[in-house]
Amino acid sequence: PLLLETVHVPTSLFPGLERENLAQLSLYRLMRDVHGVKPAGARQTLESVPANDYEGKLLGVQPGTPMILLQGVTVDQDDQPIECFKAIYRGDRFEIAFDSRPGATRESAAHLSVVMR
């Protein structure tokens, strides 16, 4: 295992989502194609945290091992929250890269990519 992700979405916007096979389908594609909600961006934070007992057990590391925590809120085209997420990455298996440009518009200001090692 490389990461543990927890996602919360408002059930009022996505009825029946709990019956979808999210192991095979993209959450954002379902939001867009089935429910007509377009994810448009996210406010995110990134920090180093120690693995707790639960995360360590699931990810195969000792509690206290350095991890990378990415968490935030995804918004739709009207800047309304549609998802809260928390992703814990193994610190020894990931590189996270940011690409930002001075003077860029909100739509092109920053790009995030995650590279597995």
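Note that the structure is a prediction, hence the values are computed from the model and not measured. (Residues numbered from 1 in each chain as written. Predicted model: local features only at pLDDT ≥ 70, side-chain atom pairs only at ≥ 80, totals over all residues. Heavy atoms only, no water.)

Asks: How do you make sense of the pairing of strand β4 (residues 81-90) when you look at a structure like this?
Replies: Remark: a regular strand shows side chains that alternate across the two faces of the sheet. Buried residues dominate β4, accounting for seven of its ten residues. For strand β1 (residues 3-8) and β4, the ladder comprises six bridges, and the chain directions are antiparallel. Its bridge partner lying in β4, histidine 8 is registered against cysteine 84. Judged from the nine bridges that link them, strand β3 (residues 66-76) and β4 form a sheet pairing that is antiparallel. Bridge pairing in β4 links valine 75 to proline 81. The hairpin turn running from β3 into β4, its antiparallel successor, is four residues long, and aspartate 79 in that turn takes a positive phi close to 65 degrees. (Buried < 20%, exposed > 50% of the residue type's maximum accessible area, 1.4 Å probe, protein only. Helix = DSSP H or I, 4+ residues; strand = E, 2+ residues; numbered from the N terminus. Pairing = 2+ DSSP bridges.)

Asks: Help me understand the sheet that holds strand β2 (residues 39-50) in this model?
Replies: Across a sheet, paired strands are connected by hydrogen bonds in the backbone, their directions being either parallel or antiparallel. Taken in spatial order, the four strands make up an open sheet running β1-β4-β3-β2, and their pairing is antiparallel. Looking at which strands have only one partner, the edges of the open sheet turn out to be β1 and β2. Between one strand and the next, the sheet's axes are offset by a mean angle of 15 degrees, whatever the strand orientation. (Axes fitted to C-alpha atoms, helices over the stretch in contact; angles between N-to-C directions.)

Asks: Any chance you could explain the nonpolar core here in plain terms?
Replies: As a rule of thumb, soluble globular proteins bury nonpolar side chains together. Residues Leu4, Val49, Ala51, Leu59, Val61, Met67, Leu69 and Ile88 constitute the largest nonpolar core, which totals eight residues. Discounting chain neighbours no more than four positions away, the residues touching valine 61 are Ala51, Gly56, Met67 and Arg90. (Core = buried A, V, L, I, M, F, W, Y, C linked by side-chain atoms within 4.5 Å. Contact = heavy atoms within 4.5 Å.)

Asks: What am I meant to see in the pattern of salt bridges here?
Replies: As a working rule, side chains carrying opposite charge can pair if their charged atoms are close by. A complete count under the given rule lists five salt bridges for this structure. Residue glutamate 18 is joined to arginine 19 by a salt bridge in which the shortest nitrogen-to-oxygen separation is 3.2 Å. In this pair, the class of glutamate 18 matches that of arginine 19, namely exposed. Across the salt bridge formed by arginine 90 and aspartate 92, the nearest N and O atoms sit 2.8 Å from each other. (Salt bridge = Lys/Arg side-chain N within 4 Å of Asp/Glu carboxyl O.)

Asks: Honestly, the environment of glycine 56 in this entry has me stumped. Any pointers?
Replies: Positionally, glycine 56 belongs in helix α2 (residues 53-59). Taking C-alpha positions, glycine 56 is 9.6 Å from methionine 67, a pair spaced eleven residues apart along the chain. With sequence-adjacent residues up to four places away left out, glycine 56 is seen in contact with Ala51 and Val61.

Asks: What exactly am I supposed to notice about unusual backbone geometry here?
Replies: Note: most residues except glycine have negative phi, and most peptide bonds are trans. One non-glycine residue, aspartate 79, lies in positive phi territory at about 65 degrees. Here aspartate 79 is to be found in the loop between β3 and β4. On the basis of relative accessibility, which here comes to 33%, the residue aspartate 79 falls in the partly exposed class.

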